[in-house]
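Per-entry structural report
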Amino acid sequence: MMKENNAKNKEPLPDRMEVLRDLPADIMRSLSKEEIQAFLFEEIWPVSLSEKLGQYLA
């Protein structure tokens, strides 16, 4: 919970918001709130997020 609160108080990593907006709708629907937070704010992603984005970002 503390990590999530910290993420809300800082800016997303550069260009992450733009990439998130460009993701196909089917991928966006498959992402959980936690995965979206990790995508925007974390350098290391959870395995589930890496698997969902792997083919798209390759």
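By the element assignment, Tyr 56 lies in helix H5 (residues 47-57). Judged by relative accessible area, which is 34%, Tyr 56 ranks as partly exposed. Linking Tyr 56 and Leu 23, residues 33 residues apart in sequence, is a C-alpha distance of 8.3 Å. A distance of 3.2 Å separates the side chain of Tyr 56 from the backbone oxygen of Asp 22, its partner in a polar contact.

Let's shift gears to the packing of helix H4 (residues 33-41) against H5. Interhelical geometry of H4 versus H5 gives an angle of 60 degrees and a closest axis separation of 10 Å. Here H4 and H5 pass one another in a crossing that is right-handed. Judged by residue contacts, Glu 35, Ala 38 and Phe 39 of H4 engage Ser 48, Leu 49, Lys 52, Leu 53 and Leu 57 from H5. Across the contact of H4 with H5, the residue classes tally to five nonpolar, one polar and two charged.

What follows concerns the confidence of the model for the protein chain. Of all residues in the protein chain, 84% have pLDDT values of 70 or greater, and the mean over the chain is 87. Looking across the protein chain, the model is least confident in helix H1 (residues 2-8), with a mean pLDDT of 51, and most confident in H4, with 97.

Even without being glycine, Asp 15 reaches a positive phi, approximately 70 degrees. Considering the arrangement of structural elements, one finds Asp 15 in the loop between H1 and helix H2 (16-22). Assessed through its relative accessible area of 58%, Asp 15 is described here as exposed.

The rules behind the values
- Residues numbered from 1 in each chain as written.
- Predicted model: local features only at pLDDT ≥ 70, side-chain atom pairs only at ≥ 80, totals over all residues.
- Heavy atoms only, no water.
- Helix = DSSP H or I, 4+ residues; strand = E, 2+ residues; numbered from the N terminus.
- Buried < 20%, exposed > 50% of the residue type's maximum accessible area, 1.4 Å probe, protein only.
- Polar contact = N/O pair within 3.5 Å; in protein donor to acceptor, adjacent residues only side chain to side chain.
- Axes fitted to C-alpha atoms, helices over the stretch in contact; angles between N-to-C directions.
- Left-handed = near helix turned anticlockwise from the far one by under 90°.
- Contact = heavy atoms within 4.5 Å.
- Nonpolar A, V, L, I, M, F, W, Y, C, P; charged D, E, K, R; others polar.
- pLDDT = per-residue confidence, 0-100.

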